[in-house]
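# Coordinates in review
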Amino acid sequence: MSFRVAPHCRIVYNRVPCCSQKSRCRQARHPASTALRVGYNHPDSERRHLRVSRTVPETIRHGRRGRPGLAQKSSNAIDSAQSTASTSLDPQLLQMQELITRRLVEGVTDLKHEEVPGKYRGVNWEALDVGGSTSGMSLRVECEVMRSAVFRRITLVLIVVEDGFQACLVCVEPHEAYDLPMFGAEVVSRQGRVTVAFADCSPVNAPHDLPAAFKAKIRQLQRKHDLESMPMRKTPPEFQAVFSDTCVVKMPQGEGAQIANFLQYLDSALTEYLTLADDPPPVPSEGRAAVREAQMRYLMLGLTNAQKKVVPVLRQCTSPLEVDRFLNWVWLDKFPH
């Protein structure tokens, strides 16, 4: 499986273009990683317009057990144009991944990166037998996990199934000692077209409501970006018990539908959320168990939705056991027994 990058698509995590040999590319935070440059092998190459700066483990770039790494495969596929199973990464998903990373780095002063299991650090899963037959489809996952004094776990995930399903999601989980909502967002693309875009600051306090001033800012941002909150009264009870009344769900229609306004809203909403987290009100010790219970409802709902909508797609690429392990790790930070 190779990845073709559109000429206008460019991701630079450290906000400094990777055009020189002195490029940092987050290596200060990830010394075991290297920038993956697709379409050229030297900074002075004339083919810089085919570049996307990523951070991936050395083993992915150079390969394991004598096999070529992803960087080599991607570069060869672009240069030779002979790959029969290439997948174009949706630039809107990449834009979402980049803006979230940038906003977190800028907005959380003590942000730390957690160790990610090797299989989920930007790798290609081999196509495995499913039900006695081989689908021949490849699956790529890229995961980042972060934390801070305020946030227990921040998960940023990119999933790409060959020639089909793609998704980018983020889940921000505060420590239960702070009166902060959960923050979540997801964009799903199928066959090169975004089908769903979701974002919400989900309250976990007893009133199940957001702070009044913060809610007013969120609604103002929605009006600015021409978005509307989803009418929660029309959703199932389990949704009403988790999401806020400012939840945004956008379902673009038609070929080439864009979600630029949603991504701009997402950037602004995450900024407001991180500002709220600068000085979060504490939760009394006797109330923390209830907050944690509400957080777990959110996480379990995310896992349940993934099992309904994502599992059938991922099981075309790998074994049911691998899919279950991956989703449980993403949502619950643990592997099933």
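Residues numbered from 1 in each chain as written. Predicted model: local features only at pLDDT ≥ 70, side-chain atom pairs only at ≥ 80, totals over all residues. Heavy atoms only, no water.

## With respect to the overall build of the protein chain
Short version of the rule: Strands here are runs of E lasting at least two residues and helices are runs of H or I lasting at least four, both read from the DSSP assignment and numbered beginning at the N terminus. The buried label goes to any residue with under 20% of its type's maximum accessible area, the exposed label to any with over 50%, and the partly exposed label to all in between, with areas taken from a 1.4 Å probe on protein chains only. Contact criterion: two residues are considered in contact whenever any of their non-hydrogen atoms come within 4.5 Å of each other.
Counting its regular elements, the protein chain contains nine helices and 14 strands. Put simply, the protein chain has 337 residues, and 52% of those count as buried. Within the protein chain, residue pairs in contact and separated by at least 24 positions form 64% of the contacts whose partners lie at least 6 positions apart.

## Considering unusual backbone geometry
Even without glycine at this site, Gln191 takes up a positive phi of about 55°. Counting through the fold element by element, Gln191 comes out in the loop between β12 (182–190) and β13 (193–202). Even without being glycine, Asp333 reaches a positive phi, approximately 60°. Inspection of the secondary structure assignment puts Asp333 in the segment after α9 (320–332).

## Observations concerning the confidence of the model for the protein chain
To keep it simple, the criterion reads: One confidence number per residue, pLDDT, is output by the predictor and ranges from 0 to 100.
Mean pLDDT over the protein chain: 74, with 68% of residues reaching 70 or higher. Low confidence marks residues 1–85, where pLDDT is under 50. Its contacts with residues over four positions away, or in another chain, come to 161 contacts. Below a pLDDT of 50 lies the segment residues 127–134, which in the model reaches 13 contacts outside its immediate sequence neighbourhood of four places, other chains included.

## Brief notes about the environment of Cys171
When you line up the elements, Cys171 lands in strand β11 (residues 166–174). Overall, Cys171 belongs to the buried group, its relative accessible area being 6%. In this structure, the C-alpha to C-alpha distance between Cys171 and Leu156, residues 15 residues apart in sequence, is 6.7 Å. Apart from the residues lying within four places of it in its own chain, the contact partners of Cys171 are Arg153, Ile154, Thr155, Met182, Phe183, Tyr298, Leu299 and Trp331.

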